[in-house]
Amino acid sequence: MALHDQVTDTFTFPFFADQVDMAPAPQKVGRSCTAFVFRTGSPMLIPQHEFDRLATEGEVELVGSQSPSWLGVPLKTPTATIGVLVVQHYQAENAYDIRDLEFLSSVGGHIALAIERRRSEDALRKNEEMFRLLFTYNPLPTWVMDRESLGFLEVNEAAVLQYGYSQNEFKRMSVLELRPEEERANISIN
């Protein structure tokens, strides 16, 4: 499996199992068969004679050991192609056929969605951590409140220090209790 890094325009290989070659270090996209599938966004069955034709046309070049049967499918999400899933056979040129291509395409689609879901979860977790740090260490009194009840859900340390209530006391209060009595009647809850 080759995943594309848009920032560096490289492939990384988080999963690599091969009977001949070792897992490569991250590498520029280049002109490999993997790069060809990535560029075209199309699944490809590339037996040796097709590889030879593509190489003659300058579309691909040999990277790693030669394999007479190569099969690659793009890892596509609804918004982008994020990498390529590849299998290759070192003995038989006709090891794979159109059914294998269709099957691997289906598997690749599921893998791409799983990767995208994991990346989204990681990004959400990172954003939540960043929000938590900004909220917690903000030097100004800051809180999160329920829009319907106006009750405090969270308050930062600056609010505790300024208003003199503990975190638990704040959570039993409403924001109205911080306002003078004469202002409370004029505040409407939407």
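See the structure above.
The paragraphs below set out a description of the structure included in this document. Nothing here was measured: the structure is a model prediction, and the numbers come from that model.

**Looking at the pairing of strand β8 (residues 152–155)**
So, point 1. As paired strands, strand β7 (residues 143–145) and β8 are joined by 3 bridges and run antiparallel to one another. Within β8, the residue paired with Val-144 across the bridge is Glu-154.

**Regarding a nonpolar patch on the surface**
So, point 1. A cluster of nonpolar residues, Phe-131, Val-144 and Leu-153, forms a patch on the protein surface that exposes about 250 Å² of accessible area.
So, point 2. For Leu-153, the location among the structural elements is in strand β8.

**Structural notes on the sheet that holds strand β2 (residues 10–12)**
So, point 1. In spatial order, the strands read β3-β2-β1-β6-β5-β4; together these 6 strands make up an open sheet with antiparallel pairing. Only two strands of the sheet have a single neighbouring strand rather than two, namely β3 (27–28) and β4 (44–47).
So, point 2. Here 2 bridges tie β2 to β3, and the two strands are oriented antiparallel to one another. Residue pairing in the sheet places Phe-11 in a bridge with Gln-27 of β3.
So, point 3. Relative to the sheet, helix α1 (residues 33–40) contacts β1 (2–5), β2, β4, β5 (69–76) and β6 (81–89), its axis offset from that of β6 by approximately 140°.

**Notes on the environment of Leu-75**
So, point 1. Among the secondary structure elements, Leu-75 is positioned in strand β5.
So, point 2. We classify Leu-75 as buried; its relative accessible area is 0%.
So, point 3. Leu-75 sits 32 residues away from Pro-43 along the chain, and the two C-alpha atoms are 9.5 Å apart.

**Side note on the packing of aromatic side chains**
So, point 1. In total, this model carries 8 aromatic pairs according to the counting rule given.
So, point 2. For the pair Phe-13 and Phe-16, a centre-to-centre distance of 6.2 Å together with 85° between the ring planes defines the contact as edge-to-face.
So, point 3. Between Trp-143 and Phe-152 the ring centres are 5.3 Å apart and the planes differ by 90°, which places this aromatic pair in the edge-to-face class.
So, point 4. Among the residues examined, Trp-143 registers a relative accessible area of 26% and is labelled partly exposed.
So, point 5. In this structure Phe-152 comes out as buried when scored by relative accessible area, which is 3%.

**As for the pattern of salt bridges**
So, point 1. Evaluation of the coordinates by the stated rule reveals 9 salt bridges.
So, point 2. Here Glu-59 and Arg-39 are joined by a salt bridge, their closest N and O atoms 3.9 Å apart. Pair noted here: Glu-59 is in the loop between α2 (48–56) and β5 and Arg-39 is in helix α1, with a separation of 20 residues, a long-range link.
So, point 3. Of the residues examined, Arg-39 reaches a relative accessible area of 37% and is grouped as partly exposed.

**Considerations on the layout of surface pockets**
A probe matching the size of a water molecule, rolled over the atoms, marks out where space remains unfilled.
So, point 1. Of the volumes computed, that of the largest pocket is approximately 740 Å³.
So, point 2. Taken together, 33 residues make up the lining of the largest pocket; nearest its centre are Phe-16, Asp-18, Trp-70, Val-86 and Gln-88.
So, point 3. Of all the elements in the fold, those that place two or more residues in the lining of the largest pocket are α1, α2 and β6.
So, point 4. Among the elements that take part in the lining of the largest pocket, β6 stands out by supplying 5 residues, more than any other.
So, point 5. Per-class residue counts for the lining of the largest pocket are 20 nonpolar, 10 polar and 3 charged.

About the thresholds
- The written sequence of each chain sets the order in which its residues are numbered from 1.
- In keeping with the predicted nature of the model, local features appear solely for residues at pLDDT of at least 70, side-chain atom pairs appear and are counted solely at 80 or more, and the whole-chain, interface and lining totals rest on all residues.
- Here the side-chain values reflect all heavy atoms present in the structure, with hydrogen atoms and water set aside.
- Only strands that DSSP links by at least two bridges are regarded as paired with each other.
- By the criteria applied, helices consist of DSSP H or I runs no shorter than four residues and strands consist of E runs no shorter than two, each listed in order from the N terminus.
- Note that patches include only residues with greater than 30% relative accessible area and no salt bridge, and the join distances are 9 Å for like charges and 5 Å for nonpolar side chains (Val, Leu, Ile, Met, Phe, Trp, Tyr).
- Each accessible area is a Shrake-Rupley result for a 1.4 Å probe, and residues are judged covered by the shown protein chains and nothing else.
- The term salt bridge refers to a side-chain nitrogen of Lys or Arg lying within 4 Å of a carboxyl oxygen of Asp or Glu.
- Here, residues are in contact when the closest pair of their heavy atoms is within 4.5 Å.
- Geometry is summarised by axes, namely lines fitted to C-alpha atoms with helices restricted to the contacting stretch, and by angles between N-to-C directions that run from 0 to 180 degrees.
- Burial classes: relative accessible area under 20% of the type maximum marks a residue as buried, over 50% as exposed, and values in between as partly exposed (1.4 Å probe, protein chains only).
- Classification of ring pairs uses Phe, Tyr and Trp, with its six-membered ring standing for Trp, and accepts pairs whose centres are within 6.5 Å; under 30 degrees between planes counts as stacked, over 60 as edge-to-face, and the remaining range as tilted.
- The definitions used throughout rest on a 1 Å grid laid over the protein atoms alone, on which a cavity is an enclosed set of points accommodating a 1.4 Å probe that cannot get out and a pocket is an open set flanked by protein within 12 Å on both sides along at least five of seven lines; lining residues are those having an atom within 4 Å of a point.
- Grid points are joined across faces, edges and corners, and a volume is the space filled by probe spheres set on the points.
- Think of it as three bins: nonpolar holds Ala, Val, Leu, Ile, Met, Phe, Trp, Tyr, Cys and Pro, charged holds Asp, Glu, Lys and Arg, and polar takes everything else, Gly as well.

Purely geometric stuff here, so don't read any function into it on its own.
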